[in-house]
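Residue strings, one per chain:
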Amino acid sequence: MSRTVLYRAASFVLALPPAYLGTAVLLASAAALRPNLLSPFLLLLILRQAAPLGFAAIGQSLVMRCRSLDLSSGGVIAVVSYLLTSGVMPLPWPLALPLCVLFGALVGAFNGFLIVRVRASAVIVTLAVSMILSGTVIALSQFHAVGDAPEILREMGRARVAGVPLVPVLWIAALVPTALLLRRSAFGRVLDAVGANPRAAGLSGLPHLRVVFIAHVVSGVMSALSGLMLLGFVGVGNVKLGADLALNALAASILGGINFGSGRGGMLGPAVAAFMLVFLFNFLTSLGLGEPGKLMLQGTLIGAAALAYCLRHKDAAH
Amino acid sequence: MTTKTPGRTGLTRYTVGLPIVLVLLLAATQADFRSPQNLLNFSGQIGALLIVALGQLFVTLVAGIDLSVGSVMSLASAIAATQAHPLAAVALATALGVAVGAANGLGVALAGVHPLVMTLSTATFLQGLAYVVLPIPGGAIAPALGAAATGQVAGIPAPLLWCAAAALAASLVLRRTRFGAHLFAVGGHPRSAYLNGVRVQAVVVGAYVWCSVAAAWAGLFLAARVSAGDPALGASYALESVAAVALGGVQLTGGVGSVAGVVAGVLSLGLMTNGLNLFGVSPFMRGVLTGALLLAAVSLQRRRIVGM
Amino acid sequence: MASKQRQPLVELRGVSKSFGQNAALKGVSLAGWPGSIHAVTGENGAGKSTLMKLLAGVHVPDSGEILLKGRPAALGTPARARRAGISTVFQELTILPNLMVAENLCLGRELTRGGLLDLRALRREAVQVLERTGIALNPDRLCGTLTVGEQQLLEIAKGLHSEADVFIFDEPTAPLNRAEVDQLEGLLRALKGQGKLVFYISHRLEEIFRFCDTVTVLKDGAHVATQPIEALTQEGLVALMVGRELEALFPERPASIPDLPALRVERLAATPHGPAVSFTLRRGEILGIAGLEGQGQREIVRMLAGEQPRHGGEVHAATAAIPPGSVEAAVRHGIALLPEDRKGEGLYLDLSIEDNIWLGPLRQTALWRRAPRDPALVRRLAERMGLRTPPAQPVGSLSGGNQQKAMLGRWLAADVQVLLVEQPTRGVDVGAKAEIYELLRRFTAEGGAILAVSGDLPELIGMCDRILVVRGGAIVADVPAHGATEEQLLGHALRSESLSEATA
């Protein structure tokens, strides 16, 4: 009797997105090798560090659910960081920050327009937009160099709420409504439908194009928010800020159980995966692994996790 | 006997027109453009991109994408910089290409991992490995390799010959071999191809192997040209090869594409860079213009599906 | 007649195959003889396609043996099955749209010379095959430009072009017209004369009785009977398939239909200078559209559904004019489409039955609002439709008939007024067919209206109140279904006069 329970529990756990098992393995390894990493203080700091990736993963998993992709985060963040640190936009922060978020939304809308109306490939469109934005920032940096991040952002990065860093709280505050929205609202249902069969969604009279467009706008907003957070942590403007955030968000989404057209991982999966990736980064640094070693391990782990997950779910796909 | 059908090559007047327009524009407005020195430089500059893009073409034909080409190039250049014997360098680089391509291909075809994720993970791994093999740019390239990449044969610069050889080889495989025909079949509709007796998985693996080997040789070529290895050599080549392929009218959803298109795409990108240099525009604008060109190229590709 | 002295060409002994929980085949034994056209029939879910796919190399049996010419054969992949002498024309089209006709014909069997493709020989071979099978297609055409009927003919040509001993045809005539079916019959008889074995999977009883000599009936994955065709009548065959005699497949027609228009179509045209159609669909009416393949029926339906743009003309629902080119607008006005390609265009295979059904009523909800959920409604609807699977099950795992019901359920729950139905019972077994006709009739009895396109003339005659015949994009006849005959409808479809000329 207990054996079937054990068996069922084991298969449930193994069927979970790789992020959960991976996090458990990581935490266990840390407990063995670097127990100080598991102190609540450090864990909260790591959580804070993972928030930008977490926000980007929210946006990325949203577009992935409707079979699209957003690789433009790097460009959006470059522009946001430039606007706020080079003195080119001398506005008080209550105006400047929302403007940056608006910019993110506009980029998302531009992407969405090209993808939905012109039916251009999402990979290419968002990559090209990122190139254009980053390139423009690099070119303009010659005239106005990047400088310090606005004080408010750095404050936000340091702030605490009841002893807990503010930024992760904001992250959860973004996660919960999004999850509810996806599960309960008509938007979520239509998103699922578009992911499951875009053609049928169109022929059923569902607002499938609008939903994809909205997903991209949200993703743009999330990129901008990630940029604000990153800027707050790093303290200075940097053209390369967030350059690989898009691809890491993609990895986090996949490890969190989201695939193109399916949202099996929910909102929690990518969030856990974001935490896992950042924890891994810190863990490897604490082990004294240099940059090359970290890269190699990161690549191996993402590849292995993706392989394991896909192999297990391959039969279900048929 | 017609083997080339317009629907399947993806060539449009924009694909072919763009490089022609650029050539005319540059030839007319910049005297330097017409100089033999510039032409020599040009063929050298686009050589590596052409080889990589031809590799990316095969993967794109089966609806895949290979983001690890940049890291493979870097690692290959690192290998070349640390191997005294030219043949050893070539052999090792080729073996690297085969191994990476096999890994990518098996992950995508057998396990069903999405190409973006699979090639991204190999790219990260290989980049780390490149830093291990060659921590900083430098090293020594065997003189024979350098000569092969920069010399002349009967007055024709070697890079031009390499470009021609690569294009011819790719064209031959695509149009005259069973593998090439099966690439189009798998890209058109993998299930139908399978039911027709095509070994879909083998074809996909083959495409990725071809792509990685091409990237490895491109890395060798580049390293030989500058006589040094560089672990960050291939950084921009992953995206640029995708850009060249997209500009060449190759459909990212698979089944449509041609060597001529890729050549046109590479020419467009190369001419644009060349033009920027000649006009004295800031080199940083290169990214902006490449991006703009890409947007124009994909906007002109008419598709039914929305999204990826 | 099959010659019984020789050994069976193909023998399946006690083969079983399960997909997860679903036991598709249970210990089926079957023998096929050379020189025979052997029908394999049964309801959907009976296992016919699965059985043939075992022979085609697409699936591997869980237990049991497959013998070819008396010796055990391991047919693990389609390539291996081909090499073993089995050629299959699948129900799903396997023509690659981005290849040319000649290339598709020789796919998987390309001739090489010195390692490279021999393109000239390839083309010559393609031309030969096309001539031999009497199929008029240009070998250099890109297959993406062919019509569905032409693609099917190409599939058949491909299937025939092979040194095989065993030929499997899975529902080959679905997209074909009468003349093409006759052509196929000729080709099959030629194969029989050459001593080949042809397995013919079909729901079409007329065809089974016309050119098959033996029939095997499967039911629920088990073998029911294998008999020579002369020993059976159509009713008897149906009885074997469903385990009961079906007296009436079609529900009663209403005596008269009040003249309340549900849809008024005026001068609807698909192309700027093409023919225009005008007709009125009344509430409570089932209006059928008949015609040869590709004569414009699909375009009419798709324009009304909003998927295809219109050139001129007006469409009025009960109260308002419907703007062209927008599916959302059409749905908002109460017009819904049931596409013929259920899996590709109609259903969300990974989502549950309940989700699929709810995506119908969802169209009226604003995006940010809470999505409605009413499990009781879904259960009642499912019961009413005879959909007996648990609502949480993914639609992809259902049989054809149940999938069709789920798709229909979506619009029944959404309260639409007009249903545009393409091929209402394609790939649906006899039992479910009757249930679907009943559901459609009940929909109209409650005030709805249906426009149905079908290639199955007896179906149209049985289920509709009125039938329009189209040819060349124009309506050439408008006849009451009661008392109509296939010959009459075909006569209209083949003649080239338009309706105006006929009535002049």
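As the structure is a computational prediction, the values presented were derived from the model and not from experiment.

A. Quick peek at the overall build of chain B. Helix and strand counts for chain B come out as 14 helices and 2 strands. Relative to a compact globule of 308 residues, whose C-alpha radius of gyration would be 19 Å, chain B shows 19 Å and is just as compact. For chain B, the spread of C-alpha atoms along the three principal axes comes to 50 × 45 × 35 Å. Residues counted as buried form 60% of the 308 residues belonging to chain B.

B. Molecular detail of the overall build of chain A. Along chain A, the regular secondary structure elements total 15 helices and 2 strands. Summarising its shape, the C-alpha atoms of chain A cover approximately 70 × 55 × 40 Å along the three principal directions. Here chain A holds 318 residues, and the buried ones make up 54% of them.

C. Geometry of the confidence of the model for chain B. All names here are of chain B. Of the residues in chain B, 97% have a pLDDT of 70 or more, and the chain-wide mean is 86. Counting interchain partners and residues more than four positions distant, the pLDDT-below-50 stretch residues 1-6 has 10 contacts. Listed scores for the predicted complex are pTM 0.81 and ipTM 0.82.

D. Expanded view of the interface of chain B and chain C. Each partner contributes residues to the interface: chain B has 24 residues there, and chain C has 24 residues. For the side of chain B that touches chain C, the elements supplying multiple residues, two or more each, are helix 1 (6-9), helix 9 (178-188) and helix 10 (190-195) of chain B. Looking at the side of chain B that touches chain C residue by residue, the class counts come to 9 nonpolar, 11 polar and 4 charged.

E. Summary view of the nonpolar core. Val-52, Ala-80, Ala-207, Leu-220 and Ala-246 of chain B together with Leu-55 and Leu-420 of chain C are the most contacted members of the largest nonpolar core, which has 366 residues in total. At 19 residues, helix 11 (residues 200-226) of chain B tops the list of elements feeding residues into this core. Not counting chain neighbours up to four residues away, the residues in contact with Leu-220 of chain B comprise Ala-76, Ala-80, Ala-89, Val-90, Ala-93 and Leu-145 of chain B.

F. Examining the pairing of strand 11 (residues 214-219) of chain C more closely. Residue and element names in this part refer to chain C. Within strand 11, 5 of the 6 residues are buried, leaving the element largely enclosed by the surrounding structure. The pairing of strand 3 (residues 36-42) with strand 11 spans 5 bridges and is parallel. Directly across from Ala-39, in strand 11, lies its bridge partner Val-215. Bridge count for strand 11 against strand 12 (residues 222-228) is 6 bridges, and the pairing is antiparallel. Opposite Val-217, over in strand 12, you have Ala-225 as the bridge partner. Connecting strand 11 to the next strand, strand 12, in antiparallel fashion are 2 residues, including Asp-220 with a positive phi near 55°.

G. Expanded view of the interface of chain B and chain A. Counting residues at the interface gives 39 residues for chain B and 50 residues for chain A. At the level of elements, helix 5 (86-111), helix 6 (115-133), helix 12 (237-247) and helix 14 (285-300) of chain B are the ones that each hand at least two residues to the side of chain B that touches chain A. Per-element accounting of the side of chain B that touches chain A gives the leading share, 13 residues, to helix 6 of chain B. Of the residues assigned to the side of chain B that touches chain A, the class counts are 23 nonpolar, 14 polar and 2 charged.

H. Expanded view of the environment of Thr-177 of chain B. Mapped onto the fold, Thr-177 of chain B is located in the loop between helix 8 (158-176) and helix 9. A count of 16 C-beta atoms within 10 Å places Thr-177 of chain B in the partly exposed class. Residues Thr-177 of chain B and Gly-206 of chain B lie 29 residues apart in sequence; the distance between their C-alpha atoms is 13 Å. When sequence neighbours within four positions are dropped, the list of residues in contact with Thr-177 of chain B reads Leu-116 and Leu-117 of chain C.

I. Looking closely at the sheet that holds strand 18 (residues 418-422) of chain C. Residue and element names in this part refer to chain C. Judged by pairing direction, the sheet is mixed, and its 6 strands sit side by side in the order 17-18-19-15-20-21 without closing on themselves. Each having just a single partner strand, strand 17 (335-338) and strand 21 (474-480) make up the two edges of the open sheet. Here the strands of the sheet are splayed against their neighbours by 20° on average, with no regard to which way each runs. For strand 18 and strand 19 (residues 449-453), the ladder comprises 5 bridges, and the chain directions are parallel. Each bridged residue has a counterpart across the sheet, and for Leu-419 the counterpart in strand 19 is Ile-450. The strands touched by helix 15 (residues 430-445) within the sheet are strand 15 (286-290), strand 18 and strand 19, with strand 19 carrying the most contacts at an inclination of about 145°.

J. Spotlight on helix 13 (residues 259-279) of chain B. Here helix 13 of chain B is 21 residues long and its end C-alpha atoms lie 30 Å apart, about the 30 Å a rise of 1.5 Å per residue gives. Positive backbone phi, at 75°, marks Gly-280 of chain B, one or two positions downstream of helix 13 of chain B.

K. Representation of the sheet that holds strand 11 of chain C. Residues and elements named next belong to chain C. Taken together, the 6 strands give an open sheet; going across it, the order is 6-9-10-3-11-12, and neighbouring strands pair in mixed fashion. The open sheet has two free edges, formed respectively by strand 6 (86-89) and strand 12, since each of these has just one partner strand. Geometrically, the sheet is characterised by an average inter-axis angle of 15° between neighbouring strands, direction not taken into account.

L. Region of the structure containing the pairing of strand 13 (residues 261-269) of chain C. Residue and element names in this part refer to chain C. In terms of strand pairing, strand 13 meets strand 14 (residues 276-282) through 6 bridges, oriented antiparallel. Following the sheet pairing, Leu-268 is matched in strand 14 by Val-277. Hairpin connection of strand 13 to strand 14: 6 residues between the antiparallel strands. Judged from the 4 bridges that link them, strand 13 and strand 16 (residues 314-317) form a sheet pairing that is antiparallel. Bridge pairing in strand 16 places Glu-266 opposite Glu-314.

M. Representation of the environment of Val-217 of chain A within the structure. All names here are of chain A. Residue position: Val-217 is located in helix 11 (residues 208-234). Along the sequence, Val-217 and Arg-160 sit 57 residues apart, while their C-alpha atoms lie 30 Å from each other. Beyond its immediate stretch of four places on either side in the chain, Val-217 contacts Ala-105, Gly-108, Ala-109 and Gly-112.

N. Highlighting the packing of helix 5 (residues 93-116) of chain A against helix 11 of chain A. All names here are of chain A. For the pair helix 5 and helix 11, the least separation of the axes is 7 Å and the interaxial angle reads 145°. You can see that helix 5 and helix 11 cross each other, and the crossing is right-handed. Of the residues that constitute the contact of helix 5 with helix 11, the class distribution is 18 nonpolar, 8 polar and no charged.

O. Structural detail: the packing of helix 12 (residues 245-255) of chain A against helix 6 of chain B. In contact at an axis separation of 11 Å, helix 12 of chain A and helix 6 of chain B are set at 115° when each is read in the N-to-C sense. The two elements helix 12 of chain A and helix 6 of chain B cross, and the hand of that crossing is left-handed. The residues of helix 6 of chain B that touch helix 12 of chain A, namely those facing Leu-247, Leu-250, Ala-251 and Ile-254 of chain A, are Leu-116, Val-117 and Leu-120 of chain B. A class-by-class count of the residues in the contact of helix 12 of chain A with helix 6 of chain B yields 7 nonpolar, no polar and no charged.

P. Structural detail: helix 4 (residues 119-132) of chain C. Residue and element names in this part refer to chain C. In a regular helix each residue adds 1.5 Å, so 14 residues correspond to 20 Å; helix 4 covers 20 Å between its end C-alpha atoms and thus fits that length. Buried within helix 4 are the following residues: Leu-122, Arg-123, Ala-126, Val-129 and Leu-130. The arc that holds every buried residue of helix 4, seen down its axis, measures 125°, which confines them to one face. The exposed residues of helix 4 that point more than 90 degrees off its buried face are Arg-120, Gln-128 and Glu-131. Looking at the buried residues of helix 4, the elements they touch are helix 3 (101-105), strand 8 (116-117) and helix 5 (148-160).

What counts, and at which threshold
- Residues numbered from 1 in each chain as written.
- Chains lettered and ligands numbered in written order.
- Predicted model: local features only at pLDDT ≥ 70, side-chain atom pairs only at ≥ 80, totals over all residues.
- Helix = DSSP H or I, 4+ residues; strand = E, 2+ residues; numbered from the N terminus.
- Rg over C-alpha atoms; globule rule 2.2 N^0.38 Å.
- Buried ≥ 20, exposed ≤ 12 C-beta atoms within 10 Å, placed from the backbone.
- pLDDT = per-residue confidence, 0-100.
- Contact = placed C-beta atoms within 7 Å.
- Nonpolar A, V, L, I, M, F, W, Y, C, P; charged D, E, K, R; others polar.
- Core = buried A, V, L, I, M, F, W, Y, C linked by C-beta atoms within 7 Å.
- Pairing = 2+ DSSP bridges.
- Axes fitted to C-alpha atoms, helices over the stretch in contact; angles between N-to-C directions.
- Expected span 1.5 Å × (residues − 1).
- Left-handed = near helix turned anticlockwise from the far one by under 90°.
- Arc of directions from axis to C-beta.

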